[in-house]
Structure formats: C-alpha cells, structure tokens
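Report on the structure
One letter stands for each residue in the lines below.
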Amino acid sequence: MISITEWQKIGVGITGFGIFFILFGILLYFDSVLLAFGNLLFLTGLSFIIGLRRTFTFFFQRHKLKGTSFFLGGVVIVLLRWPLLGMLLETYGFFSLFKGFFPVVFGFLGDAANIPLLSALFRRLQGTSSMV
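Everything numeric in this text was worked out from a predicted model, so none of it was measured.

All right, on to the overall build of the protein then. Looking only at helices and strands, the protein has seven helices and zero strands in total. When its helices and strands are written in sequence order, the protein yields α-α-α-α-α-α-α. Looking at the protein as a whole, 31% of its 132 residues qualify as buried. The long-range share in the protein, meaning contacts at least 24 apart out of those at least 6 apart in sequence, stands at 46%.

One pass over the full model with this rule turns up 13 aromatic pairs. Where Phe20 meets Phe21, the ring centres are 5.6 Å apart and the plane angle is 65 degrees; that geometry is what we call edge-to-face. Residue classification places Phe20 among the partly exposed positions, given a relative accessible area of 47%. Through a chain of ring-to-ring contacts, three or more aromatic side chains come together here, namely Phe58, Phe59, Phe71, Phe94, Phe95, Phe98 and Phe102.

What follows deals with the layout of surface pockets. When its volume is computed, the largest pocket comes out at roughly 300 Å³. What lines the largest pocket is simply Ile19, Ile22, Leu23, Ile26, Asn39, Phe42, Phe71, Met87, Glu90, Thr91, Phe94 and Phe95. Of all the secondary structure elements, the ones that give two or more residues to the lining of the largest pocket are α1 (6-27), α2 (32-50) and α5 (83-97). For the lining of the largest pocket, the element with the most residues is α5, which contributes five residues. For the lining of the largest pocket, the per-class residue count stands at nine nonpolar, two polar and one charged.

It is worth spelling out the UniProt feature "transmembrane region" (unreviewed entry) in the protein at this point. Per the UniProt annotation, the sites labelled "transmembrane region" (unreviewed entry) are residues 12-30, 36-56, 68-89 and 101-122. The span residues 68-89 is 86% helical and 0% strand by assignment, and the distance between its end C-alpha atoms comes to 10 Å.

This next bit is on unusual backbone geometry. In this structure, Tyr29 takes a positive phi of about 60 degrees despite not being glycine. Following the sequence through the fold, Tyr29 ends up in the loop between α1 and α2. Although it is not a glycine, Phe30 sits at a positive phi angle of roughly 55 degrees. Among the secondary structure elements, Phe30 is positioned in the loop between α1 and α2.

Now for the pattern of salt bridges. Within the structure shown, the criterion is met by one salt bridge. Glu6 serves as the salt-bridge partner of Lys9, at 3.5 Å between the closest nitrogen and oxygen. Of this pair, Lys9 and Glu6 both sit in helix α1, three residues apart, roughly one helical turn. The exposure class assigned to Glu6 is exposed, which follows from its relative accessible area of 54%.

Reading guide: rules and limits
Residues numbered from 1 in each chain as written. Predicted model: local features only at pLDDT ≥ 70, side-chain atom pairs only at ≥ 80, totals over all residues. Heavy atoms only, no water. Helix = DSSP H or I, 4+ residues; strand = E, 2+ residues; numbered from the N terminus. Buried < 20%, exposed > 50% of the residue type's maximum accessible area, 1.4 Å probe, protein only. Contact = heavy atoms within 4.5 Å. Phe/Tyr/Trp six-rings, centres within 6.5 Å; stacked < 30°, edge-to-face > 60°. 1 Å grid on protein atoms, 1.4 Å probe; cavity = no way out; pocket = protein on both sides within 12 Å on 5 of 7 lines; lining within 4 Å. Points joined across faces, edges and corners; volume = space filled by probe spheres on them. Nonpolar A, V, L, I, M, F, W, Y, C, P; charged D, E, K, R; others polar. UniProt positions renumbered as here; feature names shortened; annotations may be inferred. Salt bridge = Lys/Arg side-chain N within 4 Å of Asp/Glu carboxyl O.

As structure tokens, then:
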C-alpha cells in the first residue's frame, strides 16, 4: 500500500485549488488575476506532492526543455497580464511536457470504461485501435 505523507495531502489540496482557480479564470473570460493565482497554486502544489528536487528534475530534463520553456513562459506572460497569449503558451507547453503520459491515461480510461463506444474511442486515441 502506498503511504501518503501530510505534505502530499496538502499538495493535493493546493493543486486542486490551483486547477479550480485556472478553470474559474477561464470561465470569467481569462481573468488574469485568477489565472496567475491558479498557476502559482498549481506549481506550488505539484512541488508539495512530488518534492522540489523531483519537480525541478521533471521540468528541466533535456528533452523537455522546449515544453518547460513554453509552460513557464506562459505563466510569466499571464503574470504580466496577457492572459490569452499566456494560456495558449501554457497549453502548448503542457501538451509538450506530458505527451508521453497521455497514452497511459487513455489506456487506463479505456480499460476503466466498460461502455463499448468509449472504450473503442480511447483505444483509437491511444493508437491501438484493435476492434474486437
């Protein structure tokens, strides 16, 4: 069984609030203050969950520097009150950083969803579109 520390529980809460503020900022027509606050909470919560060293190692791997620069550059642009451009840069950086993780997520969702249409859709998105 996986042991979760108190710091990780706090990090999950902070990350959840960060995602909430980002979504709420987008809902309110890209409010720059809410987006900036959400970005800072999200990055802080991530650091609490996996630790400062692992967070730094994740973002600054050689093959992820392009995604990191777009993501963190987007955060800076949002902090400078250009929310639409900043969120576009962050979105590209996010997909660039986590592109290796998406097949795992789609595979899990495809196995978890027992609905035939969703399962076939997730398999197709994962790249293993074997129709049974």
